[in-house]
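# Structure at a glance
Chain by chain, the residues run as shown.
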Amino acid sequence: MAAELITIFVSAVLVNNFVLYYFLGICPFLGVSSKLDSSVGIGMATTFVMTMTALVTWPVYYYFISPETGLNLPFLEYIAFIIVIASLVQFVEMFLRKFFPHLYRALGIYLPLITTNCAILGMALFMVLRQYNYIQSVVFGFGAGCGFTLVIIIMAGIREQLKFSPVPGVFKGAPITLITAGLLALAFMGFAGIITP
């Protein structure tokens, strides 16, 4: 059981990273990763929301939505998941506004955009698709959030160093960011051999 949970976690963080493997959550990945402190903040907020989404959506799905164990309401799956995610993001936004106003201002529009972060909805849908149990779902959600945080922090560190690098004028801004993201995705492909099918 523990080995299976470790496999799910490592797979979500490194091998099947939501940003670099599935290309989910690209908007905050590219938008917030210009500064390290805001990247850490958005990564922690996203990890919290992903973990809590797994905690809440699993029982919602299996007790109310699932055709096998619930009330057979599959048409409510997306709506229910989005409502859960939006509620959790509102909670995080209120918490940051009250206790960390500097971070709240630094994240700007990207904090409410966590609601529409397709990585979080994708995590909830993958959890159901892969038929994880409750503990596996929570580990998967936490691993997916940690993977998102790891990648956005690495990207922020690279982008901060690029400010002091002699980047040709034609590549400054979005081009060098996209090239860096592509190289980072290629680097993470090296982890593919860790988890064998």
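Up top is the structure these notes are about.
About the thresholds
- Residues numbered from 1 in each chain as written.
- Predicted model: local features only at pLDDT ≥ 70, side-chain atom pairs only at ≥ 80, totals over all residues.
- Heavy atoms only, no water.
- Helix = DSSP H or I, 4+ residues; strand = E, 2+ residues; numbered from the N terminus.
- Rg over C-alpha atoms; globule rule 2.2 N^0.38 Å.
- Contact = heavy atoms within 4.5 Å.
- Areas by Shrake-Rupley, 256 points an atom, 1.4 Å probe, with all protein chains shown as cover.
- Lys, Arg positive; Asp, Glu negative; His and termini not counted.
- Charge placed at Lys NZ, Arg CZ, Asp CG, Glu CD.
- Buried < 20%, exposed > 50% of the residue type's maximum accessible area, 1.4 Å probe, protein only.
- Phe/Tyr/Trp six-rings, centres within 6.5 Å; stacked < 30°, edge-to-face > 60°.
- Lys NZ or Arg CZ within 6 Å of the ring centre and 35° of its normal.
- Core = buried A, V, L, I, M, F, W, Y, C linked by side-chain atoms within 4.5 Å.
- Expected span 1.5 Å × (residues − 1).
- Polar contact = N/O pair within 3.5 Å; in protein donor to acceptor, adjacent residues only side chain to side chain.

Quick look at the overall build of the protein now. Within the protein one finds 8 helices and 0 strands. Taking 197 residues into account, the globule formula puts the C-alpha radius of gyration at 16 Å, and the protein, at 18 Å, falls close to it. By principal-axis analysis of the C-alpha atoms, the protein measures approximately 60 × 45 × 30 Å. Of the contacts made within the protein by residues no fewer than 6 positions apart, 77% connect residues no fewer than 24 positions apart. Surface exposure of the protein reaches about 10200 Å², of which carbon and sulfur atoms provide 74%. Counting 8 positive and 6 negative side-chain charges, the protein places the averaged centre of each group 18 Å from the other.

Mapped onto the elements, Thr 177 comes out in helix H8 (residues 174-188). Sequence-distant contacts of Thr 177, defined by excluding residues within four places in its chain, comprise Leu 30, Met 155 and Arg 159.

Another point: unusual backbone geometry. Unusually for a residue other than glycine, Phe 23 sits at a positive phi of about 60°. Structurally, Phe 23 is set in the loop between helix H1 (2-15) and helix H2 (26-32). Note on Phe 23: relative accessible area 55%, which makes it exposed. Even without a glycine there, the phi angle at Asn 72 is positive, about 60°. Within the fold, Asn 72 resides in the loop between helix H3 (36-65) and helix H4 (77-99). According to the relative accessible area criterion, Asn 72 is partly exposed, its value standing at 45%.

What follows deals with the packing of aromatic side chains. Counting across every chain of the model gives 16 aromatic pairs. Taking 6.5 Å as the distance between ring centres and 50° as the angle between the ring planes, the aromatic pair formed by Tyr 61 and Phe 81 counts as tilted. With Tyr 61 in helix H3 and Phe 81 in helix H4, this pair connects stretches of sequence that are 20 residues apart. A relative accessible area of 0% means that Phe 81 is categorised as buried. Aromatic ring contacts, followed pair by pair, group Phe 18, Tyr 21, Tyr 22, Phe 126, Tyr 132 and Phe 140 into a single cluster. The ring centre of Phe 126 lies 5.0 Å from the NZ or CZ of Arg 130, which sits over that ring.

Turning next to the nonpolar core. The biggest cluster of nonpolar side chains holds 50 residues, and the ones touching the most others in it are Phe 18, Phe 29, Ile 114 and Phe 140. Top element by residues in this core is H3. It accounts for 9 residues. Those residues within four positions of Phe 140 in sequence are excluded, and the remaining contacts are Ile 8, Ala 12, Phe 18, Met 123, Phe 126, Met 127, Arg 130 and Tyr 132.

Here helix H6 (residues 118-129) contains 12 residues, and its C-alpha end-to-end distance of 16 Å stays within 8% of the 16 Å for a straight helix at 1.5 Å per residue. Along H6, the residues that are buried comprise Ala 119, Ile 120, Gly 122, Met 123, Ala 124, Phe 126, Met 127 and Val 128. On its buried face, H6 is in contact with H3, H4 and helix H7 (134-162). The N-cap of H6, judged by a side-chain oxygen 2.9 Å from the amide nitrogen of Ala 119 a few residues on, is Asn 117. Positive phi appears at Gln 131, one or two residues downstream of H6, with a value of about 55°.

What follows covers H7. End to end, H7 covers 42 Å across 29 residues, agreeing with the expected 42 Å (1.5 Å per residue, within 8%). Backbone nitrogen of Ile 135 and a side-chain oxygen of the N-cap are separated by 3.2 Å at the start of H7; the cap is Asn 133.

With that out of the way, let us pick up the environment of Leu 184. Mapped onto the secondary structure, Leu 184 falls in helix H8. Assessed through its relative accessible area of 9%, Leu 184 is described here as buried. On a C-alpha basis, the gap between Leu 184 and Ile 158 in space is 9.9 Å, while along the polypeptide they are 26 residues apart. Apart from residues lying up to four places away in sequence, Leu 184 is in contact with Leu 20, Phe 29, Val 151, Ile 154 and Met 155.

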